[in-house]
Amino acid sequence: MSSIIEQIEKEIAKLDTSAVKTNTGTILSVADGVAKIEGLSQVMYNEMIEFPGDIFGIALNLEEDEVGCVILGESTHLKEGDECSTTGRLLSVPVGKALLGRVVDALGRPVDGKGPIDTKEYFPVEKIAPGIIPRQSVSQPVQTGIMPIDAMIPIGRGQRELIIGDRSTGKTTIAIDTIINQAKINRAGLDSGDPDFRPLYSIYVAVGQKNSNIARIINTLDETGSSEYTIIVVAPAADNPANQYIAPYAGCAMGEWFMENGMDALIVYDDLSKHAVAYRQISLVLKRPSGREAYPGDVFYLHSRLLERAARLNEKNGNGSLTALPIIETQAGDVAAYIPTNVISITDGQIFLETDLFNQGIRPAISVGLSVSRVGSAAQTKALKQVAGKTKLELAQYRELAAFAQFGSDLDARTQAQLERGARIVEIFKQPAFSPKPVEVQVGLIWAVQNGHLDDIAVNKMVEACISLQEFFITRTEDLMNSIRTGGKLTKDTEADLAKALEDWKLTFGD
Amino acid sequence: MITADKSLKGFARSLVQLSLEDDGQVSDERVNAVLNSLKAKPRRGLKTLLKLFLYYLKREIRHSQAIVEYSGKLAPVTLARIEKNLSESYGRKITAVARENPSLVAGLRISVADDVLDASVAGRLENLSRSVR
């Protein structure tokens, strides 16, 4: 009791006794989560407006006679004539390591029932992206643990790599796999006590997703022990469009904190199609002029200003990075639609997922021909680059040959061999969800198939063989795997060891 | 807000400018003159124009008027001093109108257009409750 009294006394002592000046306004109308306000002559763009009942809004339209303000939260009890006031604060969210392992809403308030978040630092949700001078090129890898990505479409820290595809093609799974793999690497790296180890923290932003899907993702992250390195920002489909519009920026502000403090972070925006739809709704209700597909004219800027905030800072600026994995859902594989083309042009590459491949059982259903990473190859580990350098070309040639081979059976031996090799590469790239592969195992598997060590295994047995070989590599060849992980290019000795290990494995496989 | 095109809004605003004295105060005489001239030469959309004129005129009056809410007693000298200080701070003549408001408990709350200066006990208690929330 006495402590409460002391606390109140302290608060009273802190209170300024001079008159408080506020700029107020009166609600003219409230509709669809947007309030039109008369007054607020000193309001700033994007300033937080306080409404009765602890409700906040953001001033988005500053007009001659009125202010258009989107309300963040429940607006049903607001009515015409209610007074509101400016706060002098731009919309900010809590940031810091205390948010790791927590699920927060678009304003950074906890929604996981684990109590308040102990953080004093706040970052504005809207911030100008780092300029040219503080940046440096991408040079460190982000290991997704997904073989086709790490081998053919490598991602670097600070890169923006779009994940694009139709519904139910495994877009979110790729993002979650990446988060799970980061947690695994972080745990191993921090346990090793390596002073040069740089953990990669993850932020998953769910925009317009079903609550059941979000709950499933949270469970997956919890079960795999990844949540302790992850912040989840949720603005589900049931949330108002203002929160869905703000959520990616809020998540980005949380990621920027890591970047600006010399750490590395990865942010997943799941997904920006729904984000654009939420922004379109707000813009239409605010009576902003609409353009193509009824999106407002600044829908490109909406995403470009968000994705430009992902960067790799140079040594002088702390050497931190923020990697962005935005997700876009296409309709019937149409990558030439408005929002997909916008985001493709902003990002540094895309991972395109195809429904046909997914239905054929090729999962992850990555279309090698349409997927590209424009800057990531500079960050790829040397060993992986050495073994996987030609894989993309070989796979593309295989797809072409396979299409022709359907029409005739008389194939020369070389073509037959190419088809056999291609089919095996396709098989080793198959990977179940939520089971990322360590980079050294990836190197081992690709080296084995490239050097013909798996040619005597039937194509339909390849998946089984890969699982067995992966297990063999992890449990029986620990030293070899360590040397691949820590060393640069594969040496003759390492290759000899790999060949020996494969011979040993073959004795055990198929028993 | 009344819906009207930009030109009509602009015209209504210029009518308000014509209704002001040199010191920026709304003059009854000038307002009457504006209304008489509108009556003499009626134009399309007169009703909307008059509504807009009234809206902007009210806003202008609010800008040059300070509502001084108080609880307890307010000496005429204090009111005059408030008027003088506000006029100096806003750079235009402000007239103060006193209104008793017992819910303030003690102190003053002054509103000039959309600016509110709160020096009341009720306001401070509200601030206190917010800071310990």
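The structure under discussion appears in the preceding block.
Residues numbered from 1 in each chain as written. Chains lettered and ligands numbered in written order. Predicted model: local features only at pLDDT ≥ 70, side-chain atom pairs only at ≥ 80, totals over all residues.

Novice: Report on the overall build of chain B, specifying residues and quantitative values.
Specialist: Looking only at helices and strands, one finds five helices and four strands in chain B. Starting at the N terminus and ending at the C terminus, chain B contains elements arranged as α-α-α-β-α-β-β-β-α. Since a compact globule built from 133 residues should have a radius of gyration of about 14 Å, the 19 Å found for chain B marks it as more spread out than a globular shape. The C-alpha extent of chain B, read off along each of the three principal axes, is 60 × 35 × 25 Å. Every one of the 133 residues in chain B was classed for burial, and the buried ones make up 20%. Nonlocal contacts in chain B, meaning residues at least 24 apart in sequence, comprise 62% of its contacts between residues at least 6 apart. (Helix = DSSP H or I, 4+ residues; strand = E, 2+ residues; numbered from the N terminus. Rg over C-alpha atoms; globule rule 2.2 N^0.38 Å. Buried ≥ 20, exposed ≤ 12 C-beta atoms within 10 Å, placed from the backbone. Contact = placed C-beta atoms within 7 Å.)

Novice: Tell me about the overall build of chain A, and name the residues and values.
Specialist: For chain A, the helix and strand inventory stands at 16 helices and 18 strands. In summary, chain A has a C-alpha radius of gyration of 26 Å against a globular reference of 24 Å for 511 residues, a match within 12%. Principal axes of the C-alpha set define a box for chain A whose edges measure 85 × 60 × 45 Å. Counting only residues that meet the buried cut, chain A has 47% of its 511 residues in that class. Across chain A, contacts joining residues at least 24 apart in sequence account for 72% of those joining residues at least 6 apart.

Novice: Which residues make up the pairing of strand β17 (residues 349-353) of chain A, and what values go with them?
Specialist: All names here are of chain A. Of all five residues making up β17, four are buried, and the element is well covered by its neighbours. Where strand β12 (residues 162-165) lies against β17, four bridges are found, and the strand directions are parallel. Its bridge partner being in β17, Leu 162 is matched across the sheet by Gln 350. Pairing of β17 with strand β18 (residues 372-373) involves two bridges; the strand directions are antiparallel. (Pairing = 2+ DSSP bridges.)

Novice: Could you give me a rundown of the interface of chain A and chain B, with the residues and numbers involved?
Specialist: Contacts between chain A and chain B engage 19 residues on the former and 14 residues on the latter. Looking at the side of chain A that touches chain B, the elements that each hand over two or more residues are α1 (2-14), β1 (20-31) and β2 (34-39) of chain A. Grouping the constituent residues of the side of chain A that touches chain B by class yields seven nonpolar, seven polar and five charged. Bridge analysis of β1(A) against strand β4 (residues 115-120) of chain B gives four bridges, and the strand direction is antiparallel. (Nonpolar A, V, L, I, M, F, W, Y, C, P; charged D, E, K, R; others polar.)

Novice: Go over the nonpolar core, please, and point to the residues and values.
Specialist: Judged by nonpolar contacts, the single largest core of 135 residues is most densely connected at Cys69(A), Val205(A), Val233(A), Ile246(A), Ala250(A) and Ile267(A). Discounting residues that sit within four places of it in the chain, Ile246(A) has contacts with Leu72(A), Leu91(A), Ala106(A) and Val125(A). Judged by nonpolar contacts, the second largest core, of 10 residues, contains Ala66(B), Val68(B), Ala96(B) and Ile110(B). (Core = buried A, V, L, I, M, F, W, Y, C linked by C-beta atoms within 7 Å.)

Novice: Describe the pairing of strand β16 (residues 321-329) of chain A, and please don't skip the residues or the numbers.
Specialist: Remember that side chains alternate between the two faces of the sheet whenever the strand is regular. Residue and element names in this part refer to chain A. The buried fraction of β16 is high, at nine of nine residues. In β16, alternate side chains face the same way, and those of Ser 321, Thr 323, Leu 325, Ile 327 and Glu 329 on one face and Leu 322, Ala 324, Pro 326 and Ile 328 on the other are all buried. Pairing between β12 and β16: three bridges, direction parallel. Its bridge partner lying in β16, Gly 165 is registered against Glu 329.

Novice: Requested: an account of the packing of helix α13 (residues 439-450) of chain A against helix α14 (residues 462-476) of chain A, with residues and values cited.
Specialist: Residue and element names in this part refer to chain A. Orientation of α13 relative to α14, taken along the N-to-C sense of each, is 130 degrees, at an axis distance of 10 Å. Relative to α14, α13 is oriented oblique. Once α13 is placed against α14, the crossing between them reads as right-handed. Counting all contacts with α13, which are made through Val 441, Gly 444, Leu 445 and Ala 448, the residues of α14 involved are Cys 466, Leu 469, Gln 470, Phe 473 and Ile 474. Of the residues belonging to the contact of α13 with α14, the class tally is seven nonpolar, two polar and no charged. (Axes fitted to C-alpha atoms, helices over the stretch in contact; angles between N-to-C directions. Parallel < 35°, antiparallel > 145°, perpendicular 65-115°, else oblique. Left-handed = near helix turned anticlockwise from the far one by under 90°.)

Novice: For the environment of Gln380(A), give the residues involved together with the corresponding values.
Specialist: Residue and element names in this part refer to chain A. In this fold, Gln 380 is placed in the loop between β18 and α10 (382-388). In this structure the C-alpha to C-alpha distance between Gln 380 and Gly 251, which are 129 residues apart in sequence, comes to 27 Å. Those residues within four positions of Gln 380 in sequence are excluded, and the remaining contacts are Pro 141, Pro 154 and Lys 385.

Novice: Break down the packing of helix α12 (residues 413-428) of chain A against α14(A) for me, citing the residues and quoting the values.
Specialist: All names here are of chain A. Viewed as axis vectors pointing N to C, α12 and α14 meet at an angle of 55 degrees, and their least axial separation amounts to 9 Å. With respect to α14, the axis of α12 lies oblique. Remark: the crossing between α12 and α14 carries right-handed chirality. Contacts between α12 and α14 involve Arg 424, Glu 427 and Ile 428 from the first element and Met 462, Val 463 and Cys 466 from the second.

Novice: Tell me about helix α16 (residues 492-508) of chain A, residues and numbers included.
Specialist: Residues and elements named next belong to chain A. Its 17 residues give α16 an end-to-end C-alpha distance of 25 Å, which sits within 8% of 24 Å, the value for a rise of 1.5 Å per residue. For α16, every residue scored as buried is listed here: Leu 498, Ala 501, Leu 502 and Trp 505. The arc that holds the buried residues of α16, viewed along the axis, is 105 degrees, so those residues lie on one side. Summarising the geometry of α16, the exposed residues directed more than 90 degrees from the buried face are Lys 492, Asp 493, Ala 496, Lys 500, Glu 503 and Leu 507. Lining the buried residues of α16 we find α13, α14 and α15 (478-486). Among the residues trailing α16, Gly 510 stands out with phi positive, at a value near 90 degrees. (Expected span 1.5 Å × (residues − 1). Arc of directions from axis to C-beta.)

Novice: Describe unusual backbone geometry, listing the residues and the values that go with them.
Specialist: Residues and elements named next belong to chain A. In this structure, Asp 271 follows Asp 270 across a cis peptide bond, with omega equal to 0 degrees. Residue Pro 364 is bonded to the preceding Arg 363 through a cis peptide linkage, with omega at 0 degrees. Tracing the sequence through the fold places Pro 364 in the loop between α9 (355-359) and β18. Phi is positive for Glu 293, close to 55 degrees, though the residue is something other than glycine. Positionally, Glu 293 belongs in the loop between α6 (272-285) and α7 (299-307). You can call Glu 293 exposed: it has 12 C-beta atoms within 10 Å. We note that Asn 319 has phi near 65 degrees; this positive angle belongs to a residue other than glycine. Positionally, Asn 319 belongs in the loop between α7 and β16.

Novice: An account of the sheet that holds β16(A) is needed here, citing residue identities and associated values.
Specialist: Strand order in the open sheet formed by eight strands is β8-β14-β13-β15-β16-β12-β17-β18 (chain A), with mixed pairing between adjacent strands. Across the chains shown, the open sheet's two edge strands, defined by having one partner strand only, are β8 (103-104) and β18 of chain A.

Novice: Residues and numbers for helix α1 (residues 6-18) of chain B, please.
Specialist: Residue and element names in this part refer to chain B. In this model, α1 (13 residues) spans 18 Å end to end at C-alpha, consistent with the 18 Å of a helix rising 1.5 Å per residue. By the burial criterion, the buried members of α1 are Lys 9, Ala 12, Leu 15 and Val 16. One side of α1 carries all its buried residues, which in axial view fall inside an arc of 115 degrees. When the buried face of α1 is taken as reference, the exposed residues oriented beyond 90 degrees from it are Lys 6, Ser 7, Ser 14, Gln 17 and Leu 18. In this fold, the buried residues of α1 make contact with α2 (28-40) and α3 (46-63).

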